[in-house]
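One letter stands for each residue in the lines below.
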Amino acid sequence: MSDKQLNRGMKSRHIAMIAIGGTISASFFMGIGDILHQVGPFGTVVGYIIGGFVMFLALLSLAEMAVAMPVSGSFQVYATKFISPLAGFCTGWLYLINWITAAAASITAASIIMNAWFGGVEPWAWSLFFIAIVTALNFFPVKAYGELEFWFAGVKILAIIIFIIIALAIVFGFVPNFGKINGFHNFTDNGLFPNGISSFFYGIVIIVCTYQGAELVGIAAGESEDPEKNIKSAIKNVGVRILLFFVISVFLIAMIMPWQESSVSGTPFVTILAQCQIPHIQTVMQIVIVISCLSAVNSAFYACARLLWSMANTHQAPKLYTKVNKHDVPYIGVIVSACLSGLCLISKFIGAEKVFILIISSSGMIGCLIWIMIALSHIGFRKHLAKTGQNINKLSFKVPMYPLVPILGVIFNAIVILGMLIDPGQRIVVYSGVVLITLFVTIYLVCFKKHLTSI
């Protein structure tokens, strides 16, 4: 492994907010509309609880390794070292694809809202504008990125808290302008799964994708001022906060909004607040969603650039990605990430809403594979410690109930992938994932294996 390091300029508050900011994105604010419509209230809430649990398993495994080995490549480096170079190579490139699709989904979502405000400008044009803005922001020092993401994430958290307070007021009848709600009847009147159990598998795919992004805390560890202290603090708080924000707000939405009326274009957050007749609240919430989308894109470009930099330093990506600007930012990776996120520009041809659902669905399997790799790397990490005679009890952060945590991580993510294979509508996602894995294995064997140095 190269001994090169990027500039360590991020504080604990930056690390925590980056993880939250990467997770609370368009997939949550707008994806929930389609999930609720397809799955129904009960399945949606259960799905978010399960998805949050699976996310927390991945975070626990990642935390133990990240505290012991804080590197910018994070779990890609761990997969290379503790599973195999091939596993690390595929993990890195698959994760790159995952973040690029997440960025494309967020850009598309922001463009849908902007098009609603300024109908004369097409969504694809807004997408191009947002790509240019976020690319420019990622050329600044990492400390500036961390500070910007801190405030971006802060806006999202504040908005969700305000929404939860207003939603609770609606549920308890303190909002006179709001009509009658069905409350718990929403969960039972049409059965627990109104569109059938198969629709639940559809929802789980998007829900798991919604939680993906929290693992970004591992990549940020490589640029943290005090990795051991900051990562432990961030991991302990981030998982619980995200789970609470998601589950509570989703539960309240399911109680208040008829699932038959939910959709992507009419995100439940905006629809519910608009019915409260609070002056300008709809516009404010839409602004928050746009900020959330751009925040997620910002995190995506950051993650991809650092991942490419780390892989290039270990001969798993072209050497040009090791180049940095005067602020120690791997700018080539930023530019390439921006170009690849242009996937969202196909909205010019097939419609922005269709693009949004297609993209976040297609990234679901890859995200599950990444979490499986994190779990397997954790198992390999423990074996490595035992083989080299290191005392496991001296780990600064030690996962409780090992090996149950990584084993459950593998099992639950494998079940989600199996669910995609069972659902005819999601089967193509699994097939495309297999094609991607085959492609990267072939590229590794042909182009990189003989040049790969040990880490």
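As a reminder, the structure under discussion sits directly above these lines.
Heads up: these notes are all about the structure in this document. This is a predicted model, so every value here is computed, not measured.

## Points about the overall build of the protein
Then comes step 1: The helix and strand inventory of the protein stands at 19 helices and zero strands.
Then comes step 2: A fraction of 83% describes how many contacts in the protein between residues 6 or more apart in sequence connect residues 24 or more apart.
Then comes step 3: If you sum the accessible surface of the protein, you get close to 17400 Å²; carbon and sulfur atoms cover 69% of it.

## What to know about the side chain of glutamine 286
Then comes step 1: Position of glutamine 286 among the secondary structure elements: in helix H14 (residues 281-312).
Then comes step 2: When neighbours within four sequence positions are excluded, glutamine 286 is seen to be in contact with Ile113, Trp117 and Val270.

## Overview of the pattern of salt bridges
Then comes step 1: The full count for this structure, using the stated rule, is one salt bridge.
Then comes step 2: Linking arginine 382 and glutamate 64 is a salt bridge whose minimum nitrogen-to-oxygen distance equals 2.6 Å. You can see arginine 382 sitting in helix H17 (residues 352-387) and its partner glutamate 64 sitting in helix H4 (residues 41-68), a full 318 residues away along the chain. Exposure class is identical for arginine 382 and glutamate 64. Each is buried.

## Focus: the packing of aromatic side chains
Then comes step 1: Under the defined criterion, the tally for this structure stands at 19 aromatic pairs.
Then comes step 2: Relative to tryptophan 99, the ring of tyrosine 95 has its centre 6.4 Å away and its plane inclined at 85°; by these criteria the two rings are edge-to-face. Residue tyrosine 95 and its partner tryptophan 99 are located together in helix H6 (residues 85-117), separated by four residues, close to a single helical turn.
Then comes step 3: Ring centres of phenylalanine 150 and tryptophan 151 lie 5.2 Å apart, and the angle between their planes is 90°; this geometry places the pair in the edge-to-face category.
Then comes step 4: The class of phenylalanine 150 is buried, set by a relative accessible area of 17%.

## Considering a nonpolar patch on the surface
Then comes step 1: Taken together, the side chains of Leu418, Leu421, Ile422, Ile428 and Tyr431 define a hydrophobic patch exposed on the protein surface, amounting to about 490 Å² of accessible area.
Then comes step 2: At the level of secondary structure, the elements contributing two or more residues to the nonpolar patch comprise helix H18 (404-422) and helix H19 (427-448).
Then comes step 3: Among the elements that line the nonpolar patch, the one with the most residues is H18, at three residues.
Then comes step 4: Residue class for isoleucine 422 comes out partly exposed when judged on its relative accessible area of 48%.

## Looking at the nonpolar core
Then comes step 1: Grouped together as the largest cluster of nonpolar side chains are 137 residues, with contacts concentrated most on Ile24, Tyr48, Ile170, Tyr211 and Met420.
Then comes step 2: Take this core: its biggest share by element is 16 residues, from H14.
Then comes step 3: Ignoring anything within four residues of it in the chain, the contact list for isoleucine 24 reads Phe29, Lys156, Ile157, Ile160, Phe245, Phe246 and Ser292.

## Quick word on the environment of isoleucine 15
Then comes step 1: Topologically, isoleucine 15 is positioned in helix H1 (residues 12-23).
Then comes step 2: Take isoleucine 15: its relative accessible area is 0%, and that puts it in the buried class.
Then comes step 3: Considering only alpha carbons, one finds isoleucine 15 and glutamate 149, 134 residues apart in sequence, at a separation of 9.3 Å.

## Quick notes on helix H13 (residues 268-275)
Then comes step 1: By the burial criterion, the buried members of H13 are Pro268, Phe269, Val270, Ile272 and Leu273.
Then comes step 2: A positive backbone phi angle near 60° is found at glutamine 277, which sits one or two residues after H13.

## Focus: H6
Along an α-helix, a turn takes 3.6 residues, which lines up residues three or four apart on a common side.
Then comes step 1: The end-to-end C-alpha distance of H6, which contains 33 residues, comes to 49 Å, matching closely the 48 Å that a straight helix rising 1.5 Å per residue would cover.
Then comes step 2: Counting buried positions over the 33 residues of H6 gives 26, a clear majority of the element.

## Side note on the packing of helix H8 (residues 142-171) against H13
Packed helices, taken two at a time, are described by the angle between their axes plus the distance between the axes.
Then comes step 1: Where H8 contacts H13, the axes come no closer than 11 Å and their chain directions differ by 55°. Judged on the interaxial angle alone, H13 and H8 are oblique. When the axes of H8 and H13 are compared, the crossing they make is left-handed. Together, Phe163, Ile166 and Ile170 of H8 and Phe269, Ile272 and Leu273 of H13 make up the contact between the two elements.
Then comes step 2: Residue classes in the contact of H8 with H13 are distributed as six nonpolar, no polar and no charged.

## Some points on unusual backbone geometry
Comment: phi is negative for the bulk of residues other than glycine, and the bulk of peptide bonds are trans.
Then comes step 1: Of the consecutive residues tyrosine 402 and proline 403, the connecting peptide bond is found in the cis state with omega at 5°.
Then comes step 2: As for its placement among the helices and strands, proline 403 is situated in the loop between H17 and H18.
Then comes step 3: Of note in this structure, histidine 315 is not a glycine but carries a positive phi near 60°.
Then comes step 4: Its location among the elements puts histidine 315 in the loop between H14 and helix H15 (331-340).
Then comes step 5: Since its relative accessible area comes to 31%, histidine 315 is described here as partly exposed.
Then comes step 6: For methionine 401, which is not a glycine, the phi torsion comes out positive at approximately 60°.
Then comes step 7: Within the secondary structure, methionine 401 is located in the loop between H17 and H18.

## A closer look at the environment of isoleucine 443
Then comes step 1: Assignment of secondary structure puts isoleucine 443 in helix H19.
Then comes step 2: Between the C-alpha atom of isoleucine 443 and that of cysteine 90, which follows or precedes it by 353 residues, the distance is 9.7 Å.
Then comes step 3: Not counting residues up to four positions away in its chain, the partners in contact with isoleucine 443 are Phe89 and Phe448.

So, how was this worked out
Residues numbered from 1 in each chain as written. Predicted model: local features only at pLDDT ≥ 70, side-chain atom pairs only at ≥ 80, totals over all residues. Heavy atoms only, no water. Helix = DSSP H or I, 4+ residues; strand = E, 2+ residues; numbered from the N terminus. Contact = heavy atoms within 4.5 Å. Areas by Shrake-Rupley, 256 points an atom, 1.4 Å probe, with all protein chains shown as cover. Salt bridge = Lys/Arg side-chain N within 4 Å of Asp/Glu carboxyl O. Buried < 20%, exposed > 50% of the residue type's maximum accessible area, 1.4 Å probe, protein only. Phe/Tyr/Trp six-rings, centres within 6.5 Å; stacked < 30°, edge-to-face > 60°. Patch = residues over 30% accessible without salt bridge, like charges linked within 9 Å, V, L, I, M, F, W, Y side chains within 5 Å. Core = buried A, V, L, I, M, F, W, Y, C linked by side-chain atoms within 4.5 Å. Expected span 1.5 Å × (residues − 1). Axes fitted to C-alpha atoms, helices over the stretch in contact; angles between N-to-C directions. Parallel < 35°, antiparallel > 145°, perpendicular 65-115°, else oblique. Left-handed = near helix turned anticlockwise from the far one by under 90°. Nonpolar A, V, L, I, M, F, W, Y, C, P; charged D, E, K, R; others polar.

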